[in-house]
Amino acid sequence: MKISTTNAPAAELESEALILAIPEDADKPTPWEAVDAAVGGIVSDALTGRGFEGKRGQTLSLSTPGGRSRELVLVGLGPSAEIDLEVWRRAVAAAATKARQRGNRKIAVPLPEIDGHDAGELAAAATEATILTSYRYREFKAAPAGRVELREVLIAAPVDVTDATERAHKVADATSWARDLVNTPSNEKRPDAFAALAVDMAADAGLNCEVIDDAAARELGLNALLAVGDGSAVGPRLVLLEHRPAGAEGPPTVIVGKGITFDTGGISLKPPQKMADMKSDMAGAAAVYGTMRVLAELDVPRRVVGVTPLAENMPSSAAYRPGDIIRAYDGTTIEVVNTDAEGRVVLADALAYARKHYEPRCMVDLATLTGACVVALGSHAAGLMGTDDELCDALVAAGEATGERLWRLPAWREYDEIVDSEVANVRNSAGRAAGVVTAGMFLKRFVGDTPWAHLDIAGTAFLDKATPYQPKGGTGFGVRLLTRWLTA
Ligand code: BES
Ligand code: MN
Ligand code: ZN
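About the thresholds
Sequence order sets the numbering: in each chain, residues are counted from 1 along the sequence as written. Lettering of chains starts at A and numbering of ligands starts at 1, both following the order in which they are written. The predicted origin of the model limits local features to residues at a pLDDT of at least 70 and limits the giving and counting of side-chain atom pairs to 80 or more, whereas totals for whole chains, interfaces and linings rest on all residues. To get the side-chain values, take all heavy atoms of the structure and skip hydrogens and water. Burial classification: accessible surface area is computed with a 1.4 Å probe over protein chains only, and a residue below 20% of its type maximum counts as buried, one above 50% as exposed, and the rest as partly exposed. For helices the rule is a DSSP run of H or I covering at least 4 residues; for strands it is a run of E covering at least 2, with both sets numbered from the N terminus onward. Pairing between strands is defined by DSSP: at least two bridges between the two strands are required. Cysteine sulfur atoms that pair up within 2.5 Å are treated as a disulfide. Only the stretch in contact is used when a helix axis is fitted, and all axes are lines through C-alpha atoms; the angle between N-to-C directions ranges over 0 to 180 degrees. Roughly parallel means an angle under 35 degrees; roughly antiparallel means over 145; roughly perpendicular covers 65 to 115; every other angle is labelled oblique. The hand of a helix crossing depends on one turn: near helix anticlockwise from the far one by less than a right angle means left-handed, and clockwise means right-handed. In this description, contact between two residues means that some pair of their heavy atoms is separated by no more than 4.5 Å. Asp, Glu, Lys and Arg are counted as charged, while Ala, Val, Leu, Ile, Met, Phe, Trp, Tyr, Cys and Pro are counted as nonpolar; the rest, among them Gly, fall into the polar class. The donor set comprises N, O and S atoms within 2.8 Å of the metal, extended to 3.2 Å for Na, K and Ca; water molecules are omitted, so apparent gaps in a site may simply reflect that omission. Square planar and octahedral assignments, for four and six donors respectively, both demand that opposite donors be over 155 degrees apart and that all other angles lie between 65 and 115; tetrahedral needs four donors with all angles between 85 and 135 degrees, and anything else is irregular. The start and end points of each domain follow an automatic or database-based domain assignment. Buried area counts how much accessible surface, traced with a 1.4 Å probe, disappears from two parts once they are put together, with both parts' losses summed. Salt bridge, as applied in this entry: a Lys or Arg side-chain nitrogen positioned within 4 Å of an Asp or Glu carboxyl oxygen. Polar contacts here mean pairs of N or O atoms no more than 3.5 Å apart (in protein, one a potential hydrogen donor and the other a potential acceptor; neighbouring residues in sequence count only if both atoms are side-chain atoms). Definition of nearness: a residue and a molecule or strand are near each other if at least one heavy atom of the residue lies within 4 Å of the molecule or strand. Calculation of accessible area relied on Shrake-Rupley with a 1.4 Å probe; when residues are assessed, cover is drawn exclusively from the protein chains displayed. Think of a nonpolar core as a cluster: buried Ala, Val, Leu, Ile, Met, Phe, Trp, Tyr and Cys residues, connected wherever their side-chain atoms sit within 4.5 Å.

## Here's the deal with the pairing of strand S14 (residues 362-367)
Part 1 of the reasoning: Burial of S14 is extensive: six of the six residues sit out of reach of the surface.
Part 2 of the reasoning: Going residue by residue along S14, you find Cys362, Val364 and Leu366 tucked away on one face and Met363, Asp365 and Ala367 tucked away on the opposite face as well.
Part 3 of the reasoning: Alignment of strand S9 (residues 253-257) against S14, held across five bridges, turns out to be parallel. Across the sheet, the residue bridging to valine 256 is aspartate 365, located in S14.
Part 4 of the reasoning: Pairing of S14 with strand S18 (residues 452-456) involves five bridges; the strand directions are parallel. Bridge assignment links methionine 363 to a residue of S18, and that residue is tryptophan 452.

Next up, the structure:
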């Protein structure tokens, strides 16, 4: 996608479709008076009785023969008092989609005024929205014949928004790449192949990358990771990515992502109904890869390490079993109650490894960890738990700014005993109560006193229903959030 910027006023923009965002309760006939005048008043006409009220997400296209654009696409912002960045993002996405469906390849987006947000933020949001709404996974099937794709977006603002736009473009492209990884079928991303994708990306982006394979993992004693990988013919990997810009010394921030390349449940086999969706069980790792790529591309002046444990959770005669007891990397013993609670097991070693090798200032992990999180929050927010209020608050703020929202759950010591085991230090599954918290409390046993936060992205990483800028499938959830948090 080509994205450019201009200072030209809306009425002077030349494009195929001109996007005009309109609040529901605009006090003037239209906030786009100059455009309206230039096209013979058809915008104000539409607002006074042609079925367009400016409701959130509502769109209307108006052709303007002989005008500077082939047509106008009006899009509603809803009630003024409720307009925020996410409303704007979704409106741009809806309008871009409408324009594309009507055969336009080029759109112009003049920025409206939205209280509390500067032009840079609005330009960044518009950039993300157009790129992300246009995303499709096309690796194994070509686009339908005759489908028009959006090619060019011109963003118009009274001030220079080039910087914000260029940054957002990189973030959105990395998000699309993370979506590709999640949408990739699991036969194409077994742990060896998935690690190789990280190696290639790191070489392109200029990140350090180290891959610990199963033989090296055995030497190191990454037994929890190894146990989960035992059932697969392709052994597990631990991929380490490091962004270390000159001058950024001191302890790094570590981001950890669950990378189960396919989750059958193992011997505690999952029912078949939605098992195919478990190709997305590496979405945490994809978010970490995408974020690391952006940090390098944006030259973010901060040392960050990405740690992703990769394994394929399969049933076989070599698979780990319910009842097994594993001695994890840090010596903690884990009773395997359910082999389908594998994410927390691989993360145990990843967190402990990160803590020992990097002595991080803080750690944040992302994982498609529990069905219970989907039950609790659906797809509008990821679950958040953590040991450090400041860290959690910063993550929540980044979530509000990006629309990748988080909702915090408790990690109180009262919950600690849920994961006690009678035969080991900790068990990987407990009763039905507080399933999200149980998983988080398990992880907490492996973070020591390093400030830590955990994001359960089971409901937000992979959608079975599209939203305005997220087609079905992988969302790339976490790339925009983490980038925002690490650059705020
Ligand atoms: N990957 C799943 C969690 C999941 C479920 C993600 C649905 C996305 C959508 C995870 O490994 C898992 O199987 N969790 C179990 C834990 C249980 C056995 C304690 C679950 O949630 O059922
Ligand atoms: Mn599982
Ligand atoms: Zn899983």
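Read on for the rest.
## Structural notes on the state of the cysteines
Part 1 of the reasoning: If you walk through the whole model with that rule in mind, you get zero disulfides.
Part 2 of the reasoning: In this structure cysteine 362 is not part of a disulfide, and its nearest cysteine sulfur, from cysteine 392, lies 10 Å away.
Part 3 of the reasoning: Here cysteine 373 is not cross-linked by a disulfide; its sulfur's nearest cysteine counterpart is in cysteine 392, at 14 Å.

## A word on the packing of helix H12 (residues 389-402) against helix H14 (residues 479-487)
Part 1 of the reasoning: One way to put it is that H12 packs onto H14 with a least axis distance of 8 Å and a crossing angle of 120°. The angle between H12 and H14 places the two elements in the oblique class. Judged by the sense of rotation from one axis to the other, the crossing of H12 with H14 is right-handed. Here H12 contributes Leu391, Ala394, Leu395, Ala398, Gly399, Ala401 and Thr402 to the contact with H14, which in turn contributes Arg480, Leu481, Arg484 and Trp485.
Part 2 of the reasoning: Residue composition of the contact of H12 with H14, by class: seven nonpolar, two polar and two charged.

## A look at the coordination of the manganese ion (ligand 2)
Each donor-metal-donor angle in an ideal tetrahedron of four donors is 109.5 degrees, and each such angle in an ideal octahedron of six donors is either 90 or 180 degrees.
Part 1 of the reasoning: The protein atoms that coordinate the manganese ion (ligand 2) are Asp263 (OD), Asp340 (O), Asp340 (OD) and Glu342 (OE), at distances of 2.0 to 2.2 Å.
Part 2 of the reasoning: Considering all six donor atoms around the manganese ion (ligand 2), angles at the metal cover 71 to 169° and the coordination shape is irregular.
Part 3 of the reasoning: Linear spacing of the donor residues for the manganese ion (ligand 2) on their chain is D-x76-D-x1-E.
Part 4 of the reasoning: In this structure, the manganese ion (ligand 2) is positioned 3.1 Å from the zinc ion (ligand 3), and both are ligated by aspartate 263. Linking aspartate 263 in strand S10 (residues 259-263) with aspartate 340 in the loop between strand S13 (333-335) and helix H10 (343-358), this pair joins segments that are 77 residues apart in sequence.
Part 5 of the reasoning: Using a relative accessible area of 3% as the deciding quantity, one classes aspartate 263 as buried.

## A look at the domain arrangement of the chain
Part 1 of the reasoning: Segmentation of the chain into domains returns domain 1 (2-160) and domain 2 (171-487).
Part 2 of the reasoning: Here the C-alpha centroids of domain 1 and domain 2 sit 37 Å apart.
Part 3 of the reasoning: On the side of domain 2, 17 residues touch domain 1, which itself brings 14 residues to the contact.
Part 4 of the reasoning: Across the domain 1/domain 2 interface, buried area totals approximately 1500 Å², and carbon plus sulfur atoms make up 62% of it.
Part 5 of the reasoning: Here arginine 480 and glutamate 128 are joined by a salt bridge, their closest N and O atoms 3.1 Å apart.
Part 6 of the reasoning: Counting the contacts that link domain 1 with domain 2 gives eight residue pairs in polar contact (both at pLDDT 80 or more).
Part 7 of the reasoning: Secondary-structure elements contributing two or more residues to the side of domain 1 that touches domain 2 are helix H3 (85-101) and helix H4 (119-134).
Part 8 of the reasoning: By residue class, the composition of the side of domain 1 that touches domain 2 is eight nonpolar, one polar and five charged.

## Observations concerning the site of ligand 1
Part 1 of the reasoning: Neighbouring ligand 1 are 16 residues, the closest being Lys270, Asp281, Asp340, Glu342 and Gly371.
Part 2 of the reasoning: At 2.7 Å, a side-chain N or O of aspartate 340 approaches an oxygen atom of ligand 1.
Part 3 of the reasoning: For ligand 1, the protein covers 75% of the area, taking 520 Å² as the surface of the free molecule.
Part 4 of the reasoning: In the shell around ligand 1, the residues fall into four nonpolar, five polar and seven charged.

## Regarding unusual backbone geometry
Part 1 of the reasoning: A positive phi angle, near 55°, is found at aspartate 299, a position not held by glycine.
Part 2 of the reasoning: Relative to the elements of secondary structure, aspartate 299 occurs in the loop between helix H9 (283-297) and strand S11 (304-313).
Part 3 of the reasoning: Unusually for a residue other than glycine, glutamate 359 sits at a positive phi of about 40°.
Part 4 of the reasoning: Take glutamate 359: it is sitting in the loop between H10 and S14.

## Considerations on the coordination of the zinc ion (ligand 3)
Part 1 of the reasoning: Around the zinc ion (ligand 3), the protein supplies Lys258 (NZ), Asp263 (OD), Asp281 (OD) and Glu342 (OE) as donor atoms, at distances of 2.0 to 2.4 Å.
Part 2 of the reasoning: Its six donor atoms give the zinc ion (ligand 3) angles of 79 to 174° at the centre, a pattern that matches the octahedral case.
Part 3 of the reasoning: Donor residues binding the zinc ion (ligand 3) come from one chain and are separated in sequence as K-x4-D-x17-D-x60-E.
Part 4 of the reasoning: We classify glutamate 342 as buried; its relative accessible area is 0%.

## Quick notes on the nonpolar core
Part 1 of the reasoning: With 51 residues, the main nonpolar core has Tyr289, Val364 and Trp485 as its most contacted residues.
Part 2 of the reasoning: For this core, the element with the most residues is H9, which contributes ten residues.
Part 3 of the reasoning: Residues in contact with tyrosine 289, not counting those within four places in the same chain, are Trp177, Leu181, Phe194, Ala195, Ala198, Met201, Val239, Leu241, Thr308 and Leu310.
Part 4 of the reasoning: Ala227, Ile326, Ala367 and Leu369 belong to the second-largest nonpolar core, a separate cluster that totals 47 residues.

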